[in-house]
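Observations on chain architecture
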Amino acid sequence: MSLPAERHVQVNGRRCRVWEQGEGEPLGFLGGLRGLPRWPALLDRLAEHRRVIAPSLPGFPGATGFDELDDLPDWVTATLDLLEASGLVGADLIGASVGATLAAEVAAFSRATIRRLVLIAPFGLFDEREPVKDLWATRPDELPGLLSTHPAELAAFLAPPAGEDAAEWSILLARASEAAARLLWPTGDLGLRKRLHRIQAPTLVLWGAEDRIVPPSYAKRIASALGGWVEVREIADAGHLAELDQPDAVAAAVLGFLS
Amino acid sequence: MKLLWFHLMPYTDLPEDFKQKHPSVWVDIDSRLFDPRKAHVLYNEFMDELEHAAEVGFHGICVNEHHSNAYGLMPSPNLIAASLARRTRDAAIVVMGNSLALYNPPTRVAEEMAMIDCISGGRLVAGFPVGTPMDTCFAYSQNPSQLRQRYHEAHDLIMRAWQDPDPFTWNGRFHKLRYVNVWPRPLQKPHPPVWIPGGGSVETWHWCAERDYVYSYLSYFGYKNGEATMQGFWDEMKRLGKDPNPYRAGFLQFVGVAETREEALALYREPAEYFYGRCLHLDPRYVLAPGYSSEATQRARVRSAVADAAARSRGGAGGGAGGQATGFEAIVDEGYVIVGSPDEVAEKLRELAVNLNVGHLMLLLQFGNMNHQLTQYNTELFAKRVLPQLADLFDDEWEDRWWPQGLPAAEAARPREVRA
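For clarity, every value in this text was computed on a predicted model and none was experimentally measured.

In terms of helices and strands, chain B carries 13 helices and eleven strands. Here chain B has a C-alpha radius of gyration of 21 Å; the compact-globule value for 420 residues is 22 Å, and the two agree. Principal axes of the C-alpha set define a box for chain B whose edges measure 60 × 55 × 50 Å. Counting across all 420 residues of chain B, residues that qualify as buried make up 46%. When contacts within chain B are restricted to residue pairs at least 6 apart in sequence, those whose partners lie at least 24 apart make up 78%.

Structural data, given as structure tokens:
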């Protein structure tokens, strides 16, 4: 695993980190619930084929400024600014979890921004017959097992790298959790259902078959309402953080869809 | 000093196996445990107890706000305070208080508190808590990441609404109000005294100091555990150049008094164990919400958690492995509840007031499932034999600038007597 190149762009007057690796056509990636505290294996796989650009959303590792974002228009504006500053306008875009939520919103509000879209288990909808889990009302010891089918690997992914201050690292992860809550509290329903028809970019909807946060049945709800070409894939033995649980299977599905 | 009588209004009939059979006293408390006929009796006894406390000489009576909570039956303390305003004469009515971010528009708080201030003849203390994560983020679904920003905006709006003589437009970040014009206006000028119940965050201390508000540390864990926090508060006041006027501070303490220490130990065991066992049985899922604590507070907590762990590994902390005490002996040893004869209690409370430098002592003389009769006994004995030993403390040296003004007796309205 090599280290990505790092640069920073300004969004809302605050610095946001942009990681980049690989050659070829740009492929954007917006990270999930804890953002990208490290460069994940999935992006290594993708960078063998594409120039992967992974900007950090406000509040997620590498970026601050989320506490000025009060509502959905603020978040969509910040995401548009971030994609433009990172050189991702008109590119293919992958979003995971929180990142997928904002990728879907951007695709609905601004059709020209995204060429092809990959959504990995987005929030944004709520069906009371199969409710989205309240991931914040959890005990610290039960959360890894709720998020992932490979909790030990998740713990290693979130552990402070050598040389990092453990206390500051825990605050960095807590900040990411707060940023997600700022967007999604209390149910994750952002009214996306009313905008799905506006998403006309060809879309791959990916879902961990064992997602205990947003039920996998939401994949069909989303796919049936999208306005353009759509493909749905379930990833076996993967939870809500499917890109961490099964990086090879997710990479294969994404590259197959984009080729 | 001021001695205040504080009621939490706990539901007193939680079953003995509550901890085993139910996950939490708060947020998802089982509604099948609630009997409204029982609550009818409880509410009336509780309000009698507050009125009784005012009659026997406590300087103030206190109510507070909790939601979906079996140890706090006051989702709306203002309803209780309004009734107390009619049925008491001189005591301060301390609403401790309204969780500002829960009200939309927040001018509702300005209106209701102005009503209470008018009805009571200027006896209101306006308490403005942020509210716990359980109350605000879970029971009321407020966004924890916005809670403090909303709280501060609501505070600014309410304070202006009480003081600006003209209608104004509020174009805030979270609230847009074309016409703000609170009617009625509070009787106390420029506004009722403001007290801030808080935990131990440095930001809250600064905020109180800047605005000249009372900081009130409402812990259930007594004077021994509260010492470090109050020390931190006074160190910070000194650093900010504020005088050490004890009336800048309030502190909560559970007390059980009887003729002898032995008798007190026998009388207050059950209600104390009921409170610390059943009432504080809280699902850890609801204790934290992301963003509820600032990053500065998180940093301080990480540091103190490291210190706690070190202390515990050295064999300290009487509360047992990482938890609070629930057995009566430990509850008393740890100082959660002060029990004893009137003289013993007076001596301990004097020590508390002096060591913690607290001028507003809020006393919980009803706690857990303590029945009406025992509550009356505790209250009366305290008023007769403890309160007179303490009431003079601090007054030769310090002025309480945070106490309600009240109308002169000649101007005070006389509500008609209730006839059966």
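All names here are of chain B. Relative to each other, helix H4 (residues 107–120) and helix H6 (residues 147–163) sit at 45°, their axes nearing to 8 Å. Considered as vectors, H4 and H6 are oriented oblique to each other. Note that H4 runs across H6; the crossing there is right-handed. Taken together, the residues of H6 that come into contact with H4 (itself represented by Thr107, Val109 and Ala110) are Leu157, Ile158, Ala161 and Trp162. Tallied by class, residues from the contact of H4 with H6 come to six nonpolar, one polar and no charged.

As a further point, take the interface of chain B and chain A. Contact with chain B, which involves 17 residues of that partner, is made by 16 residues of chain A. If you tally residues by element for the side of chain B that touches chain A, the top one is helix H10 (residues 295–313) of chain B, at four residues.

Let us now look at the sheet that holds strand S5 (residues 91–96) of chain A. All names here are of chain A. Pairing is mixed in the open sheet, where eight strands are placed in the order S1-S2-S4-S3-S5-S6-S7-S8. Both outer strands of the open sheet, strand S1 (5–11) and strand S8 (230–235), are each paired with one neighbouring strand and no more. Between one strand axis and the next, the sheet turns through 20° on average, direction left out of account. Where S5 and strand S6 (residues 114–120) come together, five bridges link them in parallel fashion. Within S6, the position partnered with alanine 96 by the bridge is isoleucine 120. Strands strand S3 (26–30), S5 and S6 of the sheet are contacted by helix H3 (residues 98–109), whose axis makes an angle of about 145° with S6.

Let's shift gears to the pairing of strand S6 (residues 176–180) of chain B. Each regular strand carries side chains that alternate between the two faces of the sheet. Residues and elements named next belong to chain B. Two elements, strand S5 (residues 168–171) and S6, share three bridges in a ladder whose sense is antiparallel. Across the sheet, phenylalanine 168 pairs through a bridge with valine 180, a residue of S6. Between S5 and S6, which follow one another and run antiparallel, lie four residues.

So, about the packing of helix H2 (residues 36–55) of chain B against helix H3 (residues 77–87) of chain B. Residues and elements named next belong to chain B. Following both chains from N to C, one finds H2 and H3 inclined at 45°, their axes separated by 10 Å at the closest point. By the angle between their directions, the pair H2 and H3 is classed as oblique. Between H2 and H3 the crossing geometry is right-handed. Contacts between H2 and H3 pair Met47, Leu50 and Glu51 from the former with Ile80, Ser83, Leu84 and Arg87 from the latter. Here the contact of H2 with H3 is composed, by residue class, of four nonpolar, one polar and two charged.

Now for helix H7 (residues 202–211) of chain B. All names here are of chain B. Residues Thr204, Trp205 and Cys208 constitute the buried set of H7. Down the axis, H7 shows its buried residues gathered within 100° of arc, on one side only. Buried residues in H7 make contact with strand S7 (194–198), strand S8 (214–217) and helix H8 (222–239). The positive-phi residue at the C-terminal boundary of H7 is aspartate 212, with phi of around 60°.

Note that the residue after Trp185(A), namely Pro186(A), is joined by a cis bond; omega there is 0°. Positionally, Pro186(A) belongs in the loop between helix H6 (166–184) and strand S7 (203–208). In the segment running from Met96(B) into Gly97(B), the intervening peptide bond is cis, with an omega of 0°. You can see Gly97(B) is positioned in the loop between strand S3 (92–96) and H4. One non-glycine residue with positive phi stands out, namely Ser97(A), at about 55°. Of note, Ser97(A) is situated in the loop between S5 and H3. We note that Ser141(B) has phi near 55°; this positive angle belongs to a residue other than glycine. By the element assignment, Ser141(B) lies in the loop between helix H5 (133–139) and H6.

Further remarks concern the nonpolar core. In terms of nonpolar packing, the biggest core is built from 201 residues, with Leu206(A), Leu4(B), Ile61(B) and Val95(B) touching the most fellow members. Setting aside anything within four residues of it in sequence, one finds Ile61(B) in contact with Leu4(B), Trp5(B), Leu50(B), Ala53(B), Ala54(B), Leu84(B), Thr88(B), Ala91(B), Ile93(B) and Val94(B).

Take the pairing of strand S11 (residues 360–364) of chain B next. Residues and elements named next belong to chain B. With five of five residues buried, S11 lies mostly within the body of the structure. Residues His360, Met362 and Leu364 of S11 are buried on one face, and the alternating residues Leu361 and Leu363, pointing to the opposite face, are buried as well. Here strand S1 (residues 2–6) runs beside S11; their pairing, made up of four bridges, is parallel. Looking at S11, one finds that leucine 3 is bridged to leucine 361. When strand S9 (residues 249–257) meets S11, the two strands line up parallel, connected through five bridges.

Procedures and definitions
Each chain has its residues counted from 1, following the order in which its sequence is written. Chains and ligands are labelled by the order in which they are written, letters from A for the one and numbers from 1 for the other. Two thresholds apply to this predicted model, a pLDDT of at least 70 for residue-level local features and 80 or more for giving and counting side-chain atom pairs, whereas whole-chain, interface and lining totals are computed over all residues. Numbering of helices and strands runs from the N terminus; a helix is a DSSP stretch of H or I covering at least four residues, while a strand is a stretch of E covering at least two. Each radius of gyration reported is based on C-alpha atoms, and the globular scaling rule is 2.2 Å times the count of residues to the power 0.38. Field definition: a residue is buried when 20 or more other C-beta atoms are found within 10 Å of its C-beta, exposed when 12 or fewer are, and partly exposed for counts in between, with C-beta atoms placed from the backbone. Residues are defined as contacting one another if the C-beta atoms placed from their backbone atoms lie within 7 Å. Interaxial angle, 0 to 180 degrees, is taken between N-to-C directions of lines fitted to C-alpha atoms, where a helix line uses only the stretch in contact. Every angle not falling under 35 degrees, over 145, or within 65 to 115 is termed oblique; those three ranges are roughly parallel, roughly antiparallel and roughly perpendicular. Two helices crossing with the near one rotated counterclockwise from the far one by less than a right angle form a left-handed crossing, whereas a clockwise rotation gives a right-handed crossing. Note on residue classes: Ala, Val, Leu, Ile, Met, Phe, Trp, Tyr, Cys and Pro are nonpolar, Asp, Glu, Lys and Arg are charged, and everything else, Gly too, is polar. Strand pairing is defined by DSSP finding a minimum of two bridges between the two strands. Along the arc lie the directions from the helix axis toward the C-beta atoms. To define a nonpolar core, we join buried Ala, Val, Leu, Ile, Met, Phe, Trp, Tyr and Cys residues through C-beta atoms within 7 Å and take the resulting set.

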